[in-house]
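# Per-entry structural report
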Amino acid sequence: MAYVDGAVDTLSMDVNTGGNPAGGPAPVVVELTAAEAASGATKAVAAPPDGQPTMIYFPPGATDGVMLNVDLPWVDPATGTASTRTVPVLIRVLPAGAFPGYGPPPGFPPGGPPPGFAAPARSRFSTRTRILAVAAGMVLLSAILLAPSVFGASDTETTGGTTTTSTTTATLPTEEAAAVATPLDPVAFQASLDAADKELAAGVNTLRAATTPRAVAGAADALAETARTQESALSALTAPAAASTAHGDLVSALSALADELSSVSGAAEGRSVCTGGSAAAALGRADAATDLRTAIAALAASDPAAKYRFGSFVPAVAKDQNRRKPNATYLTRITGGSGQLKVDNGNAVDTVVKLVKVGAKKPTVAVYIRGNKKVTTGRIKDGTYQVYLASGVDWDGKRFTRDCAFSKFDDSLKFTTTSRQYTIWELSLKEVFGGNASSSDVDPDEFPA
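Residues numbered from 1 in each chain as written. Predicted model: local features only at pLDDT ≥ 70, side-chain atom pairs only at ≥ 80, totals over all residues. Heavy atoms only, no water.

When its secondary structure is counted, the protein chain shows 8 helices and 21 strands. For the protein chain, with 449 residues in total, the buried portion stands at 39%. Across the protein chain, contacts joining residues at least 24 apart in sequence account for 70% of those joining residues at least 6 apart. (Helix = DSSP H or I, 4+ residues; strand = E, 2+ residues; numbered from the N terminus. Buried < 20%, exposed > 50% of the residue type's maximum accessible area, 1.4 Å probe, protein only. Contact = heavy atoms within 4.5 Å.)

In structure tokens:
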């Protein structure tokens, strides 16, 4: 990659076997001492056709006699049109002790170069001027990286005195790229913040809407991925100077939020959080959310004129709720029979008992029983029923939001009525040694609504 006045251009290199077609452009000869060839060196050359000084870096391992065709950025002075111009670059490695100069490379016949070869013109810069031009070229002109075999994707073969080298173009480190990047203006920076905020807000809304532990875990994982994506997108920006420090803190805080969301997903899988509401509340109380709010406040204060806005998606700090229904509250009840069901909830947690007729999807009876309480349900219609149990903490009106569990009795209950008798079933929800009823866990997504 080459960085020219803040822009990025791709440089391509083709292998040249060392010849020079008649009438073709004269190669630029770059001379390296043996030490420079071994350790790597940066050289300034006067690139044709106008002698524009260009920095070319030769990594360790440069070989004498290798010629490369390098596409250099070039602007036509007559039309101002930007394009590239292919310049042959011939590497000369001088014997130890020799001082770099101009002249034909080793191996050229006595009496001068072959037809078509022309040594580059002496630079019009003085020694002092040339040094200054080299320094300026590092930032303002172009930086070309020529990568020989030591850079990995390279093959070198020598046949009949001719050296052929395949090279790849190395990229400048991220820090150097950032050094020449132009900071965004406040309007453009705010637009990027708005785009990230919108994506994250959509993910938080999806998390809040989740109604089962599995849905919560999936939404938390998706939101964590969104946070990492937006962290990457924002970190690639060059913020306005006034917001630079706060911008870096914001990016770090988003990374911590993504990690926290992974913890929320694990809590949902363990069913300590069971709905999106409880998951969002837990996220809002997390240290990662606190750090994010701090970073957002610092960003807003970094430029009083811009007043940067971000973070509408961050859940507010909220305490866990502990909502409960009165004991023996019916959530669903269809009557019409004489059967009775007596339930003793000997456990400390509140439980909803549902009677679902075999073959049906909706419960005929659903009753709320507080921990350590009893209830008797009557007027149950005849039929065979499966008994489902949901227990937990904080009833939001439809389900428990925390510490939830779902199960069913393995045996069904049959209610029958005659002119002289009807069925009464008694259930104890507390596990006891020697009990005569077994139960099995139920997938929350399969639990009857």
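Now, onward.
At a minimum axis separation of 8 Å, helix α5 (residues 213–235) and helix α6 (residues 244–269) run at an interaxial angle of 165°. By the angle between their directions, the pair α5 and α6 is classed as roughly antiparallel. Crossing handedness for the pair α5 and α6: left-handed. Of the residues that constitute the contact of α5 with α6, the class distribution is 15 nonpolar, 6 polar and 5 charged. (Axes fitted to C-alpha atoms, helices over the stretch in contact; angles between N-to-C directions. Parallel < 35°, antiparallel > 145°, perpendicular 65-115°, else oblique. Left-handed = near helix turned anticlockwise from the far one by under 90°. Nonpolar A, V, L, I, M, F, W, Y, C, P; charged D, E, K, R; others polar.)

Attention now moves to the nonpolar core. Grouped burial of nonpolar side chains is what soluble globular proteins tend to show. Counting 40 residues, the largest nonpolar core has Leu250, Leu292, Leu299, Phe310 and Phe313 as the members making the most contacts within it. Contributing elements (two or more residues each) for this core: α4 (186–209), α5, α6, α7 (276–285) and α8 (287–302). Top element by residues in this core is α6. It accounts for 10 residues. Setting aside residues up to four positions removed in sequence, Leu250 forms contacts with Leu193, Leu234, Leu292, Ala295, Ile296, Leu299 and Phe310. (Core = buried A, V, L, I, M, F, W, Y, C linked by side-chain atoms within 4.5 Å.)

Turning next to the pattern of salt bridges. Summed over the entire model, instances satisfying the criterion amount to 9 salt bridges. Arg214 is paired through a salt bridge with Asp443; the nearest N and O atoms lie 2.5 Å apart. With a gap of 229 residues between them, Arg214 in helix α5 and Asp443 in the segment after β21 (439–441) connect regions that are remote in the sequence. Residue class for Arg214 comes out exposed when judged on its relative accessible area of 54%. For Arg324, the salt bridge goes to Asp350, with nearest N and O atoms at 2.8 Å. A residue pair is termed long-range when its members are at least 10 positions apart, and Arg324 in the loop between α8 and β12 (329–333) and Asp350 in strand β14 (residues 350–357) qualify at 26 residues. The network of salt bridges with common partners includes Arg285, Asp320, Arg323, Asp394 and Arg402. (Salt bridge = Lys/Arg side-chain N within 4 Å of Asp/Glu carboxyl O.)

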